Every structure is written in structure tokens, then in C-alpha cells.
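Observations on chain architecture
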There are 2 protein chains.
Amino acid sequence: MRRICIGFFVCLLMAGVVYAQEDADMKDTFSVIHSRKSVRNFTGAPVGRAELDKIIRAGMAAPSAVNAQPWSFVVVTDRKKLDELAAGLPYANMLLKAGAAIIVCTEPDKAYDQNRDLAVIDASLAGENILLAIEALGLGGVWTAAYPYADRMNHVRTVLGIPQEVIPLNVTPVGVPTGADQPKDKYKPEKIHREKW
Amino acid sequence: MRRICIGFFVCLLMAGVVYAQEDADMKDTFSVIHSRKSVRNFTGAPVGRAELDKIIRAGMAAPSAVNAQPWSFVVVTDRKKLDELAAGLPYANMLLKAGAAIIVCTEPDKAYDQNRDLAVIDASLAGENILLAIEALGLGGVWTAAYPYADRMNHVRTVLGIPQEVIPLNVTPVGVPTGADQPKDKYKPEKIHREKW
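This section reports on the structure supplied with the text. What you are looking at is a predicted structure, and each value in this text was computed from that prediction instead of being measured. (Residues numbered from 1 in each chain as written. Chains lettered and ligands numbered in written order. Predicted model: local features only at pLDDT ≥ 70, side-chain atom pairs only at ≥ 80, totals over all residues. Heavy atoms only, no water.)

A separate point is the relation of the copies chain A and chain B. In the superposition of chain A on chain B (RMSD 0.0 Å, axial shift 0.0 Å), the rotation amounts to 180 degrees. Given the turn and translation reported, the copies of this chain are related as if by a two-fold rotation axis. A high fraction, 100%, of the interface residues of chain A reappear at the interface in chain B, so the copies pair face to face through one surface. (Least-squares fit on C-alpha atoms with pLDDT ≥ 70 in both. Contact = heavy atoms within 4.5 Å.)

Right, here's the structure in full:
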């Protein structure tokens, strides 16, 4: 009986270890959605390629009008390029301490009906998946708008060699959060209309 | 010793039950992102108010430019209204078997800088959270575009009494999926550019 008990102890311990290991990537959707915040304070630590690929893969899982997938992504980890991006963007100074940036792009020519509005919406959905994936991995990110500002879009195009017909929708710095940024409760029941406006 | 062993059995069993109960809402973020699909086939079963509230609450957790939160939501469960919506929308026949619909709306006047592009992007992010929340609950949904189509927006406005200055961005039918709809693998490595375009 004692042997069986020890067996149970060992099993329980192993299960605990496996669960804890998986836990890093296994955060449930609602807690990630509600704990996601705009992280503007990073430690300066790098972000690995495997994590960045996982984040972008999540972006590509978004829906798009008639499945056109007009999006594309530029991933930047080069310190000099991150600093160059920051230099021309009014609200993206956190790039200086970010480990990476993901630029979510979209191409109206590739969207359904070559519609620019649909191209922007499709890539926005990918961009939200990216923000949630960043949070799910315990990293931090923030959507800094390039579109619809011509000067910011042109700066991003110049630094990264993005063609004129491609819209750089946003610059999303990605990094290890210092913990200074906290989620907001934005629930407002008055924004829900039942059965009619 | 036997007593201790039985104690462990009971603890293990209880832990299992608690875990299984939580599991319904505890799907990890990456599996939800990758298993989300456009569900167009519903059983016709109703969707409860608690679930709809949870879904919309997830929508409101999205980020918005300068935290303006220009979005609002109309929730429809009334059979007659769902059918009326379907009657004037070319790609929303699945409403006839859906248990509910969430209409994601946005107001340029309430967006940062009164910018319509930002209003549309902000509400799009809320709309993606809503799609993921639907999937996380084991329900199905699909983004059917109202914006940028004037005829569809006007139909939705008329049926639901939405003011002219409010943009009904989409109609998202929500229902119990039949299982006919499956997720697509949309990963395309050629859409990732490293360090520059």
C-alpha cells in the first residue's frame, strides 16, 4: 500500500510539472483578452524568433473578407532599425527598449474587390490576434498607428523599404514588460443595446 | 495508510471534476485563435444572455486609439428581427438558424480626432475579440460585413433603429455550430518579411 501511495505522489508531482510547463502557452482566452494591455514599458530584453513566429502565425489565423488575406508582416529585431523607426514616429518611443517590432501591413490590391476599407479591416483583425498572442506568451505589445497618417506611413516605408502600394497599418513593439502597465476595465453596459438601438 | 490513500483518490477526483468544469471556458488562446472559423451552419438552438454578455464584454476589452472606445453593440435574439436582418443582407442567410446576432457599431464622432478610419479600426479589434470569445465558448460566429456597403448599412439601421451617424460595421450571427465548418490553415511564410520588406 505504501508503494502505491508513493506511486501516486510521483504521478501527482509529474502531472504538476507537465501542467506548469504547458501553462506558459496555455492561458485561457478570456483571461488573456481581459489581461491584455498596451505595454509601453519594456526591460530591453530580446524576443526570440520562435516566439515572433508564433505571434505572426496567430495573426494569419484571422478572418478576412472572402478569405483574401491581404496582409503581410515585417518583423524587425535589429537594434539600429528599431531606433530608426522610433526616430520618425511620434508615439513609438517604447521601440527603444522593445526587443522587436511587428509591422502589420495590408494591400488594397489584394483585398476583396480591391477595397481599401476591407484591406484595413482584415489586417486590423490580424493585428488584434497579434496583440493577444503577445499577451498569451507573457510578453507585452502596443498598437502604435501608422495608418491613416501619411507622414508616419512614409517614414515606416522609407526605413523598411516597403513599397508605396503597401499600407503599413501599425507598428507593434514587442518586448518583455517591466510590469508597469496594467489592464483597464473598459466594460460599459450602456454600450450594449438589446434587440434595437 | 489506506485512509491517506483514499484521501488522495478523493482529492484527485475532485481536482479532475473542477478542472473539467472550468475547461469549457478555459481553452488556451492559441488553440482558440487557430480553431476559430467562420461558422455558417447553426443547429437553430438559442444562445443564452450570460454567454452573449461574456462575448460582448470581451469585445470591450479591445484597445482603441487614445482609448476612445467609439464602439457600441446591438444584441438581437428576437427571431423576427433576425429574419428581417437576413432578408436584406446578401451573405447573411445563416441568421435564419442563428440563436443571436451581435451588430458591432462604431461612431466616428466618438473616435480619436473624430477620425472615421480609426473608428473603424477600433471597432474591428472589438469585433475580432468577439469572434474569438464565441469560439472559446464552443459557439460559432461569422463576420458578415455591413460596412463599407451603404445598402447593407442602411438596411441594418432601418431594422434596428440605428442612428445615421452610427456605422453598423458588421452583423455577427452567433449560434450553436452543426460541426460542418472547419478552420483553415492560412499560414503563409512568404507573408513574413524579416528586418525589411
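And the narrative resumes.
What follows deals with the pairing of strand β1 (residues 71-76) of chain A. Of all 6 residues that make up β1(A), 6 are buried, and the element is covered over most of its length. Burial along β1(A) is two-sided: the face carrying Trp71(A), Phe73(A) and Val75(A) and the face carrying Ser72(A), Val74(A) and Val76(A) are both buried. Pairing analysis gives 6 bridges linking β1(A) to strand β2 (residues 100-106) of chain A, with the strands arranged antiparallel. Note on β2(A): the bridge partner recorded for Val74(A) is Ile103(A). Both β1(A) and strand β6 (residues 192-194) of chain B contribute to a ladder of 3 bridges, which runs parallel. Paired with Val75(A) across the bridge in β6(B) is Arg194(B). (Buried < 20%, exposed > 50% of the residue type's maximum accessible area, 1.4 Å probe, protein only. Helix = DSSP H or I, 4+ residues; strand = E, 2+ residues; numbered from the N terminus. Pairing = 2+ DSSP bridges.)

Next up on the list: the pairing of β2(A). Residue and element names in this part refer to chain A. Most of β2 is tucked away, with 7 of its 7 residues classed as buried. Pairing of β2 with strand β5 (residues 167-175), which is carried by 7 bridges, proceeds in the antiparallel orientation. Residue pairing for β5: Ala100 is matched across the bridge by Val174.

Bringing the interface of chain A and chain B into the picture now. Contacts between the two partners involve 78 residues from chain A, matched on the other side by 78 residues from chain B. Both sides together, the interface formed by chain A and chain B hides about 7300 Å², and carbon and sulfur atoms give 62% of it. Of all residues in chain A, Phe30(A), Glu195(A) and Trp197(A) bury the most surface against chain B, accounting for 12% of the area lost on that side. Inspection of the chain A/chain B interface yields 2 salt bridges. Residue Asp53(A) is joined to Arg194(B) by a salt bridge in which the shortest nitrogen-to-oxygen separation is 3.0 Å. Across the chain A-chain B interface, the total number found is 34 residue pairs in polar contact (both at pLDDT 80 or more). Those elements that place two or more of their residues in the side of chain A that touches chain B are α1 (2-23), α2 (29-35), α3 (49-59), β1, α5 (116-136) and β6 (192-194) of chain A. Residue contributions to the side of chain A that touches chain B peak at 13 residues, all from α5(A). (Buried area = accessible area lost by both parts, 1.4 Å probe. Salt bridge = Lys/Arg side-chain N within 4 Å of Asp/Glu carboxyl O. Polar contact = N/O pair within 3.5 Å; in protein donor to acceptor, adjacent residues only side chain to side chain.)

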